[in-house]
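Report on the structure
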Amino acid sequence: MKNDISLTKLSFINIKKHSFRSLGLITMTAILSLFLFGGSVLLLSLDKGLESMSTRLGADIMVVPIGYDKEAEGVLLRGEPSYFYFDKSVETKLAKVDGVDKVTSQFFLTSSNQDCCSVPVQFIGFDPNTDFVVQPWIRENYSGRITENSIIIGNDILYDESGIMKFFDKEYEVAAVLDETGTGFDTDVYADIVTVKSLFEAAKEKGFGFTDDIDFENSISSVLIKISDGYDIDTVVHNIRMNIDGVQIIKGQTMTAEIADNLNGFRIFLLVLLLLTGIFSIVVLILTFSLSVNERRREFGILRSIGSTRGMVVSVVIKEAVIIGISGGIIGIVFSSLILFPFNTYIGDSVKLPYLLPNSWVIIVVIILTLILSAVIPPIIASCFAVKISRSEIYLTMRDND
Amino acid sequence: MSSTVIGKNKTKIRKYFLGAAFLLIGLLIAIGPQTIFAVCPKDPDSMAMACYYTARISVGIGTVIAALGLIQLVIRNNGFGSGISTAELLLGILILLVPTILVGVCKGEHMHCHSVTLPALIILGVLLIVLSVTDIVIGFVGRNKRNTHEK
Amino acid sequence: MLIEVNHLTREYRRGKNNVQAVDNIHFTADKGDFVIIKGESGSGKSTFLSMLAGLLHPTSGSVFIIGKNIYELSDKELSCFRNSHIGYIPQGHELLSELTVYENVVLPQRLYRKTYSDINDNADKLLKKLKIGELRNSYPCELSGGERKRAAIARAIVNYPDVILADEPTNDLDGNNTAIVLEAFSEIAKSGTVVIMITHDDHISSYGSRIMTMENGKLV
């Protein structure tokens, strides 16, 4: 039986022959690619979550009852249901403040959803006539108008195929589902204020009292403001403070800025971790390749003595390193994916920051880049040593291991 | 060293590696849903949820998987290998079906059983299937090679 | 002349001193010559042979093989030239331990041929001729010293080179194996190839057509 041999086959044979060392090198490369891929996807997911949150907020300023800014942030960012109220007249007053272009009010209510595992749900009632923050997102999934007793639900709300949800024994038709944002918006249920108010009545009938002394008809939970062109937010905030007491003012950019700060902290932590892992892996790769290439001086000498050029000898080493790099790269990506994608929801909940996986194309690009780096770093390291040996006098190289 | 001796050593290494892997996976499946990737806690005043039963069934299936792994490690006769791998393959498929189709977990995506227990069991099930299929295929190929050689 | 060596010198630095391992050698050899170079350990034989093979650059002087000054060639040209025209048998461990005997022998043929059909399919014939045909699928660690040396000879002649250079090929071999190896060299020389062999064994002079001695870097 004829068996063919080539320098490429020699690379494979060398890897197999030194299986323990090859395994060590593959493991190091796998660790590097695991952190590289995993870290990149984590950061991209956090960035995407922040971006989607900024886009979804819609308003420049949010005004809530005094002392309820933390609850408001909890509703928006972490889907922590809450309810608070102040007088509806605040909306009218705010509309008259210098620098305010548009105002719209919202009414918050929470409920336990009977369809699923007792997770509280946030209802947000809005006025379809003045609203500018909710409807732009609803239109992405629903083409008609919201009618009485119809609701729009966030991505994480469960509903069955009948398209009907039940709250406090009253049925509501699911008109649309919103895109995922990776923030508290995903657990909200939107409806016009008339529908939400009917829910409030149904809740009272079932014995759920929120605060008994609310003047329901004249109460709202928040006012969202769009400022006029040419005005800056701080000026408008100042104007509001000068004209209206008893309210808490939240700047949209402050909320996203705080999250961006937390995200930066996390980003720095990840980058430092990545850097340390990278340095450690590369140092181990350097030491191992250095030992490995030096150990094989006689082998390289024999190859040169039978007519291999310097390039051929270096290519044997480079091919081995590429095979090792790609193998380690694939293993690292697979292990990283086994954690990142199946446990995606848990990771998002744990970091307590807006978290949204990037789309498939972005992930594919990250995979390709990680594989390229894995395939390139080991050969670069190995070739440094191989080139040095290939430049030595062949006769002296052959005698070196004696 | 002759190729026969090398072959026998490789079979032994494969046997111990698989036995240890099956044992570890089995223990994780049995204990995991109660501990490190626990299902939702059971409310004493209300009915048990689907995830509670998934965890209980996993104890049984995981124990059998671990026991087969232990048998693989302890028993000397190499002939049991593909039989045990076939059994582990079927158990791997079963552990995939329990939290997804047969019993299920809570529907809420953010519930702990859905975000942690479910993916953990799926990963362990897939790992079990991959290992057992690999072992069956290697065994099959090896037997074919030996038969050709003997002819 | 197939081989022409002029003023060949090689100096090494040993501590603070310069040592002349090969000292101003003139040498020629033609087709069919079987030259045996004897000398004590450290006389410069291996250094001289390695310079003939293009494996060690001389400090000064020239080596002409088939009319080409090999040290004026680039590394690529010299490597290709060595592959086609020079068969070198190193001292000691000559084979690549991870390849079978057949793979070791065939490897020089594969370096510059693009397709398998380009290979001159003579490796098996050579192995049979050297009485190691049945060991084609064995690994070097499974062979005796004599069998390894014969495999190395097969590798050196697989491309039908013009020159064979053997560094102490009968070192560590018993009488029987030594005889086999020397018979093989004689036959190769008779076919027109120049064979140059170095040894420190005085008892094998009878096989060569020319016997030379190396002493302190000089060829006598």
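Residues numbered from 1 in each chain as written. Chains lettered and ligands numbered in written order. Predicted model: local features only at pLDDT ≥ 70, side-chain atom pairs only at ≥ 80, totals over all residues. Heavy atoms only, no water.

**Some remarks on the overall build of chain A**
On a plain count of helices and strands, chain A comes out with 13 helices and eleven strands. What you see for chain A is a C-alpha radius of gyration of 31 Å, clearly larger than the 21 Å of a compact globule of 402 residues, by over 25%. Along the first, second and third principal axes, the C-alpha set of chain A runs to 100 × 50 × 35 Å. Counting every position in chain A, which comprises 402 residues, the buried fraction comes to 53%. Sequence separation of at least 24 residues holds for 79% of the intrachain contacts in chain A that already meet a minimum separation of 6. Total accessible area on chain A stands at roughly 18500 Å², and carbon and sulfur atoms take up 59% of it. Looking at charge distribution, chain A has the averaged site of its 34 positive side-chain charges lying 17 Å from that of its 47 negative ones. (Helix = DSSP H or I, 4+ residues; strand = E, 2+ residues; numbered from the N terminus. Rg over C-alpha atoms; globule rule 2.2 N^0.38 Å. Buried < 20%, exposed > 50% of the residue type's maximum accessible area, 1.4 Å probe, protein only. Contact = heavy atoms within 4.5 Å. Areas by Shrake-Rupley, 256 points an atom, 1.4 Å probe, with all protein chains shown as cover. Lys, Arg positive; Asp, Glu negative; His and termini not counted. Charge placed at Lys NZ, Arg CZ, Asp CG, Glu CD.)

**Section: the overall build of chain C**
Within chain C, the secondary structure is distributed over six helices and ten strands. Scaling as 2.2 N^0.38, a compact globule of 220 residues should have a C-alpha radius of gyration of about 17 Å, and chain C matches this with 17 Å. C-alpha extents for chain C along the principal axes are approximately 50 × 40 × 35 Å. Here chain C holds 220 residues, and the buried ones make up 57% of them. Considering only intrachain contacts with a sequence separation of at least 6, the fraction spanning at least 24 residues in chain C is 71%. In the form shown here, chain C has an accessible surface area of approximately 9600 Å², with 47% of it arising from carbon and sulfur atoms.

**So, the interface of chain A and chain C**
In this complex, chain A contributes 30 residues to the contact, which on the side of chain C involves 42 residues. Between chain A and chain C, the buried area comes to about 3000 Å², and carbon and sulfur atoms account for 57% of it. There are four salt bridges connecting chain A and chain C. Put simply, Lys17(A) and Glu98(C) hold a salt bridge, and the shortest N to O gap is 3.8 Å. Remark: the boundary between chain A and chain C carries 13 residue pairs in polar contact (both at pLDDT 80 or more). Sorting the residues of the side of chain A that touches chain C by element identifies helix H1 (7-17), helix H9 (297-305), helix H10 (310-340) and helix H13 (394-399) of chain A as the ones contributing at least two each. Its residues assigned to classes, the side of chain A that touches chain C comprises 13 nonpolar, seven polar and ten charged. (Buried area = accessible area lost by both parts, 1.4 Å probe. Salt bridge = Lys/Arg side-chain N within 4 Å of Asp/Glu carboxyl O. Polar contact = N/O pair within 3.5 Å; in protein donor to acceptor, adjacent residues only side chain to side chain. Nonpolar A, V, L, I, M, F, W, Y, C, P; charged D, E, K, R; others polar.)

**Considering the packing of H10(A) against helix H12 (residues 360-390) of chain A**
Residue and element names in this part refer to chain A. Taken N-terminus to C-terminus, the directions of H10 and H12 make an angle of 150 degrees; their axes are 7 Å apart at the nearest point. Classified by the interaxial angle, the pair formed by H10 and H12 is roughly antiparallel. In this structure, H10 meets H12 at a crossing whose hand is right-handed. Residues Arg-310, Val-314, Val-317, Ile-318, Ala-321, Val-322, Gly-325, Ile-326, Gly-329, Ile-330 and Ile-333 of H10 lie in contact with H12, whose contacting residues are Ile-367, Thr-370, Leu-371, Ser-374, Ala-375, Pro-378, Pro-379, Ala-382, Ser-383, Ala-386, Val-387 and Ser-390. Considering only residue class, the contact of H10 with H12 consists of 16 nonpolar, six polar and one charged. (Axes fitted to C-alpha atoms, helices over the stretch in contact; angles between N-to-C directions. Parallel < 35°, antiparallel > 145°, perpendicular 65-115°, else oblique. Left-handed = near helix turned anticlockwise from the far one by under 90°.)

**Topic: the domain arrangement of chain A**
You'll often see interface size given as the accessible area lost when the parts meet. All names here are of chain A. Domain annotation of chain A identifies domain 1 (7-52 + 259-399) and domain 2 (67-245). In this complex, domain 1 contributes seven residues to the contact, which on the side of domain 2 involves five residues. Of the roughly 500 Å² buried at the junction of domain 1 and domain 2 (both faces included), carbon and sulfur atoms supply 64%. Between domain 1 and domain 2 we count zero salt bridges in total. The tally of links from domain 1 across to domain 2 stands at two residue pairs in polar contact (both at pLDDT 80 or more). Per-class residue counts for the side of domain 1 that touches domain 2 are five nonpolar, two polar and no charged. (Domains from an automatic or database assignment.)

**Here we look at H12(A)**
Residues and elements named next belong to chain A. An ideal rise of 1.5 Å per residue puts 45 Å on 31 residues; H12 measures up with 44 Å between its terminal C-alpha atoms. Of all the bends found along H12, the most pronounced is centred on Ser-383 and spans about 25 degrees. Measuring from the backbone nitrogen of Trp-361 back to the side-chain oxygen at the start of H12 gives 3.1 Å, which picks out Asn-359 as the cap. (Expected span 1.5 Å × (residues − 1). Bend = angle between axes of the 7 residues up to and from the residue.)

**Focus: the environment of Ile75(B)**
All names here are of chain B. Note that Ile-75 resides in the loop between helix H2 (50-74) and helix H3 (81-102). Taking the relative accessible area as the measure of exposure, Ile-75 reaches 28% and is therefore partly exposed. Not counting residues up to four positions away in its chain, the partners in contact with Ile-75 are Lys-15 and Phe-80.

**A closer look at the pattern of salt bridges**
Pairing between side chains of opposite charge can happen when the charged atoms of each approach one another. The final tally for this structure, using the stated rule, is 17 salt bridges over all chains. Across the pair Lys218(C) and Asp23(C) runs a salt bridge, and its minimum N-O distance is 2.8 Å. Taken as a pair, Lys218(C) in strand E10 (residues 218-219) and Asp23(C) in strand E2 (residues 17-29) lie far apart in primary sequence, 195 residues in all. Overall, Asp23(C) belongs to the buried group, its relative accessible area being 19%. One salt bridge in this structure joins Lys149(C) and Glu94(C), with 2.6 Å as the shortest N-O distance. Taken as a pair, Lys149(C) in helix H5 (residues 145-157) and Glu94(C) in the loop between strand E6 (86-89) and helix H3 (101-110) lie far apart in primary sequence, 55 residues in all. Glu94(C) shares its class with Lys149(C); the two are buried. By sharing partners, the salt bridges in this structure join Arg296(A), Glu299(A) and Glu320(A) into a single network.

**Some points on the sheet that holds strand E9 (residues 210-215) of chain C**
Residues and elements named next belong to chain C. Spatial ordering of the open sheet is given by E6-E7-E8-E3-E9-E10, a layout of six strands whose pairing is mixed. One side of each edge strand has no neighbouring strand; the edge strands of this open sheet are E6 and E10. By the bridge criterion, four bridges tie strand E3 (residues 34-38) to E9 in an arrangement that is parallel. Note that in E9 the partner of Lys-38 across the bridge is Thr-213. In the packing of H5 onto the sheet, contacts are made with E6 and strand E7 (163-167), and the angle to E6 comes to roughly 165 degrees. (Pairing = 2+ DSSP bridges.)

**Considering the sheet that holds E2(C)**
Residue and element names in this part refer to chain C. Within the open sheet, the four strands sit side by side as E2-E1-E4-E5. Their pairing is antiparallel. In this open sheet, the two edge strands, each paired with only one partner strand, are E2 and strand E5 (68-69). As paired strands, strand E4 (residues 60-65) and E5 are joined by two bridges and run antiparallel to one another. Within E5, the position partnered with Phe-64 by the bridge is Asn-69.

**Focus: a nonpolar patch on the surface**
Taken together, Trp361(A), Ile364(A), Val365(A), Ile368(A), Leu369(A), Ile372(A), Val376(A) and Ile380(A) make up a surface patch of nonpolar side chains, about 780 Å² in accessible area. Relative accessible area serves as the criterion here: at 38%, Ile364(A) is assigned to the partly exposed category. (Patch = residues over 30% accessible without salt bridge, like charges linked within 9 Å, V, L, I, M, F, W, Y side chains within 5 Å.)

**Re the nonpolar core**
Formed by 102 residues in total, the largest nonpolar core has its most connected members in Ile3(C), Phe27(C), Phe48(C), Phe185(C) and Ile196(C). In this view, Phe27(C) contacts Ile3(C), Glu4(C), Val5(C), Val35(C), Phe48(C), Ile196(C), Arg210(C), Met212(C) and Leu219(C); residues no more than four positions away in its chain are not counted. Of all hydrophobic cores here, the second largest spans 41 residues; its members include Met62(A), Leu76(A), Leu77(A) and Phe126(A). (Core = buried A, V, L, I, M, F, W, Y, C linked by side-chain atoms within 4.5 Å.)

**Concerning the packing of aromatic side chains**
All names here are of chain A. Counting across every chain of the model gives nine aromatic pairs over all chains. Plain terms: the ring middles of Phe-266 and Phe-269 are 6.4 Å apart, the flat faces sit at 40 degrees to each other, and that makes the pair tilted. Taken together, the residues span about one helical turn, with Phe-266 and Phe-269 both in helix H8 (residues 252-295) at a distance of three residues. The partly exposed category is assigned to Phe-266, whose relative accessible area is 23%. (Phe/Tyr/Trp six-rings, centres within 6.5 Å; stacked < 30°, edge-to-face > 60°.)

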